[in-house]
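Listed here are the chains, written in short residue letters.
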Amino acid sequence: MSALYGQGFPLDELVDAYRLPWKRKYRDGVRIMPDTFFGAPSLRDLLRPGYLMSGLFSIDKLERTLREVLPVNDFRKVDKSILVTAVDIDGRGRVVFGKGYDEETPISQAVAASCCVPGLFRPYEIRGRYHLDGELVRTLSADLAVEAGVDVVIVSNIYRTENIRENERSIAHRGVFDVLTQSLNIVLSEKERRGLDLYARTYPRVTFVNVSPDIGHYGYLNRFNARALVLRGYREALRELAAAKDRGVFDPRPELKLVSGGG
């Protein structure tokens with residue numbers, strides 16, 4: 001949601017976008033539904049069977065939604081520095097969208113490309129090139145924030161493995177979706193841990209604050225548990241910020257740089 005937050009959207013309105021319809025506070029606020037991410041194939045997609053089989057869903061619906069709700073859909077016209085990353089599926093490495101990089105691509109298209117989880121979504125096409133989630137090639141893309149001159153990087157990570165207690169039912173008995181979700185979380189959590197360790201050694205003068213709440217069995221798109229998810233993230237953020245402050249290293253600057261590797 002950095003594309004919205006970076007344009008001045010209040011946090012409460014962003015949270016409201018995930019609340020159930022009868023619990024919303026803002027009638028004309030942003031609406032992000034679970035089905036916003038899952039679009040049906042277009043006629044053009046149906047005529048390309050190979051591409052149609054490259055993912056379960058299209059991300060085009062999310063791009064259209066963002067195109068409508070973003071106050072500004074041009075990186076060059078946004079005051080703050082918003083950077084979005086994706087990966088070129090045909091071997092050309094990481095692609096960075098934003099000021100100083102690819103500024104011409106609309107923000108909505110850049111975010112759509114960065115949200116393409118492999119297998120779940122078909123790669124997103126931008127000017128004849130196809131893109132997937134930037135997390136695949138570079139963990140968190142925190143190096144972009146460091147290169148932009150920040151001395152504190154706050155990482156928001158939702159890919160955390162669910163720990164099953166001895167008296168609870170194993171994830172192996174919950175079905176293929178839960179097994180795939182846990183597998184993805186295991187891979188990305190380990191990748192993130194190793195990536196942050198590398199960043200800490202590479203940039204010893206930069207403080208990395210890792211906000212990685214334990215969301216348990218809740219899905220991060222589960223609107224029925226939006227309050228519980230937000231509270232878990234909020235409490236974890238308070239703990240991590242307090243720990244950084246105790247170490248005497250947390251000194252937030254007024255300038256904000258937002259980096260998104262997965263939307």
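Residues numbered from 1 in each chain as written. Predicted model: local features only at pLDDT ≥ 70, side-chain atom pairs only at ≥ 80, totals over all residues. Heavy atoms only, no water.

Draft legend 1. Representation of the overall build of the chain. The secondary structure content of the chain amounts to nine helices and nine strands. Every one of the 263 residues in the chain was classed for burial, and the buried ones make up 41%. In the chain, of all internal contacts separated by at least 6 residues, the share reaching a separation of at least 24 is 66%. (Helix = DSSP H or I, 4+ residues; strand = E, 2+ residues; numbered from the N terminus. Buried < 20%, exposed > 50% of the residue type's maximum accessible area, 1.4 Å probe, protein only. Contact = heavy atoms within 4.5 Å.)

Draft legend 2. Summary view of the pattern of salt bridges. Here the structure, examined in full by the defined rule, presents 12 salt bridges. Salt-bridge contacts for Arg129 lead to Asp88; the nearest nitrogen and oxygen are separated by 3.0 Å. Placement of the pair is Arg129 in strand 6 (residues 129-133) and Asp88 in strand 2 (residues 81-88), with a sequence separation of 41 residues. The exposure class assigned to Asp88 is buried, which follows from its relative accessible area of 5%. (Salt bridge = Lys/Arg side-chain N within 4 Å of Asp/Glu carboxyl O.)

Draft legend 3. Focus on the nonpolar core. Ranked by internal contacts, the top residues of the largest apolar core, which has 29 residues, are Ile59, Phe75, Val84, Phe97, Ile107, Val111 and Tyr124. At the level of secondary structure, the elements contributing two or more residues to this core comprise helix 1 (2-5), helix 5 (60-69), strand 2, strand 3 (93-97), helix 6 (107-114) and strand 5 (124-126). With five residues, the top contributor of residues to this core is helix 6. Leaving out residues up to four positions away in the same chain, Phe97 has contacts with Phe75, Ile82, Leu83, Val84, Ala86, Asp102, Thr105, Ala110, Ile126 and His131. If you look at the next biggest cluster of nonpolar residues, it comprises 10 residues, including Leu140, Ala142, Ala145 and Tyr199. (Core = buried A, V, L, I, M, F, W, Y, C linked by side-chain atoms within 4.5 Å.)

Draft legend 4. Looking closely at the layout of surface pockets. Taken as a whole, the second largest pocket encloses approximately 240 Å³ of empty space. With five residues, the single largest contributor to the lining of the second largest pocket is helix 9 (residues 226-246). Of the residues in the lining of the second largest pocket, the class split is seven nonpolar, one polar and four charged. (1 Å grid on protein atoms, 1.4 Å probe; cavity = no way out; pocket = protein on both sides within 12 Å on 5 of 7 lines; lining within 4 Å. Points joined across faces, edges and corners; volume = space filled by probe spheres on them. Nonpolar A, V, L, I, M, F, W, Y, C, P; charged D, E, K, R; others polar.)

Draft legend 5. Quick look at the pairing of strand 7 (residues 152-156). The sheet contact formed by strand 7 and strand 8 (residues 207-211) spans five bridges and is parallel. Its bridge partner lying in strand 8, Val153 is registered against Phe208. Once the chain exits strand 7 it traverses helix 8 (residues 176-202) before rejoining the sheet at strand 8, and the crossover so formed is right-handed. (Pairing = 2+ DSSP bridges. Right-handed = clockwise from strand over helix to strand, strands pointing away.)

Draft legend 6. Structural detail: the packing of aromatic side chains. The full count for this structure, using the stated rule, is three aromatic pairs. On the numbers, 5.6 Å between centres and 50 degrees between planes, the contact of Tyr51 with Tyr130 is tilted. Of this pair, Tyr51 sits in helix 4 (residues 49-52) while Tyr130 sits in strand 6, and the two are 79 residues apart along the sequence. An aromatic cluster is built from Tyr199, Tyr203 and Phe208, whose rings are joined through pairwise contacts. Here the guanidinium or amino end of Arg48 rests over the ring plane of Tyr51, the centre of that ring lying 4.5 Å away. (Phe/Tyr/Trp six-rings, centres within 6.5 Å; stacked < 30°, edge-to-face > 60°. Lys NZ or Arg CZ within 6 Å of the ring centre and 35° of its normal.)

Draft legend 7. Main features of a positive patch on the surface. A cluster of like positive charges, contributed by Lys23, Arg227, Arg232 and Arg235, occupies part of the molecular surface. Turning to its location among the elements, Arg232 is positioned in helix 9. Residue classification places Arg232 among the partly exposed residues on the basis of a relative accessible area of 31%. (Patch = residues over 30% accessible without salt bridge, like charges linked within 9 Å, V, L, I, M, F, W, Y side chains within 5 Å. Areas by Shrake-Rupley, 256 points an atom, 1.4 Å probe, with all protein chains shown as cover. Lys, Arg positive; Asp, Glu negative; His and termini not counted. Charge placed at Lys NZ, Arg CZ, Asp CG, Glu CD.)

Draft legend 8. Helix 8, seen in detail. With 27 residues, helix 8 should reach 39 Å at 1.5 Å per residue; the first-to-last C-alpha distance of 38 Å fits that figure. Restricting attention to buried positions, one finds in helix 8 the residues Gln182, Asn185, Leu188, Ser189, Glu192, Gly195, Leu196 and Tyr199. For helix 8, the elements touching its buried residues are helix 7 (142-147), strand 7 and strand 8. (Expected span 1.5 Å × (residues − 1).)

Draft legend 9. The arrangement of the pairing of strand 6 in detail. For strand 6, the buried fraction is high: four of the five residues fall into the buried class. Relative to strand 6, strand 2 runs antiparallel, the two sharing three bridges. Within strand 6, the position partnered with Asp88 by the bridge is His131. Bridge analysis of strand 5 against strand 6 gives three bridges, and the strand direction is antiparallel. When the bridges of strand 6 are listed, Glu125 appears paired with Tyr130. In sequence, strand 5 turns back onto strand 6 through a hairpin of two residues, with Arg127 there showing a positive phi of about 50 degrees.

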